[in-house]
Amino acid sequence: MAFKIEELERMAGGGAGFALWGYTTSDDDLSAVTTAGYFNEAKDMLRVNDWLFVKASDGSGIAIVNQNTGGVVDLTNATAIGGSDSA
């Protein structure tokens, strides 16, 4: 599918350091969301080293913006978060 800017939300930060973002999609999986170019529409919002907490169709993960050059935003592969609770 495609990136939906209305699903991207700044959660914290953004000053001299990095910002924390949240993004939710039920249409795309984590690998699609972390594909270079997926977040290009947000190139003026996302900075290198910003963290994204992603809830995707196949689970949740954390990724970091590792490139935002020439209008192309690229993220690291998502580290999956969540799991089972044995209690």
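Preceding this paragraph is the structure being described.
In short, a report on the structure.

1. Focus: the pattern of salt bridges
What the rule picks out here adds up to 1 salt bridge. Asp-27 is the salt-bridge partner of Lys-4, the closest N and O atoms lying 2.8 Å from each other. You can see Lys-4 sitting in the segment before strand 1 (8-13) and its partner Asp-27 sitting in the loop between strand 2 (19-24) and helix 1 (30-33), a full 23 residues away along the chain. Exposure remark for Asp-27: the relative accessible area of 34% places this residue in the partly exposed category.

2. Let's talk about the nonpolar core
Judged by nonpolar contacts, the single largest core of 18 residues is most densely connected at Phe-3, Leu-8, Tyr-23, Phe-39, Leu-46 and Leu-52. Going through the elements one at a time, strand 2, helix 1, strand 3 (51-56), strand 4 (59-69) and strand 5 (72-75) are the ones with two or more residues in this core. Sequence-distant contacts of Leu-46, defined by excluding residues within four places in its chain, comprise Leu-8, Trp-21, Phe-39, Leu-52, Val-65, Asn-68 and Val-73.

3. A look at the pairing of strand 4
As paired elements, strand 3 and strand 4 share 6 bridges and run antiparallel to each other. Its bridge partner lying in strand 4, Phe-53 is registered against Ile-62. Between the antiparallel neighbours strand 3 and strand 4 lie 2 residues. Relative to strand 6 (residues 79-81), strand 4 runs antiparallel, the two sharing 3 bridges. Residue pairing for strand 6: Gly-61 is matched across the bridge by Ala-80. With 4 bridges connecting them, strand 4 and strand 5 associate as antiparallel partners.

Conventions used here
- Throughout, residues of each chain are indexed from 1 in the direction in which the sequence is written.
- Confidence filtering applies because this is a predicted model: local features only for residues at pLDDT of at least 70, side-chain atom pairs given and counted only at 80 or more, and all residues used for totals across whole chains, interfaces and linings.
- Side-chain measures were taken over the full set of non-hydrogen atoms in the model, leaving aside hydrogen atoms and water.
- A carboxyl oxygen of Asp or Glu within 4 Å of a side-chain nitrogen of Lys or Arg is what we treat as a salt bridge.
- The secondary structure listing takes helices from DSSP runs of H or I that are at least 4 residues long and strands from runs of E that are at least 2 residues long, numbered from the N terminus.
- Summary of the burial criterion: residues with accessible area below 20% of their type's maximum are buried, those above 50% are exposed, and those between are partly exposed, where the area comes from a 1.4 Å probe applied to protein chains only.
- Nine residue types can take part in a nonpolar core, namely buried Ala, Val, Leu, Ile, Met, Phe, Trp, Tyr and Cys, and a core is a set of them joined through side-chain atoms within 4.5 Å.
- Residues are treated as being in contact if the distance between any of their heavy atoms lies within 4.5 Å.
- By this definition, two strands are paired if DSSP reports at least two bridges between them.

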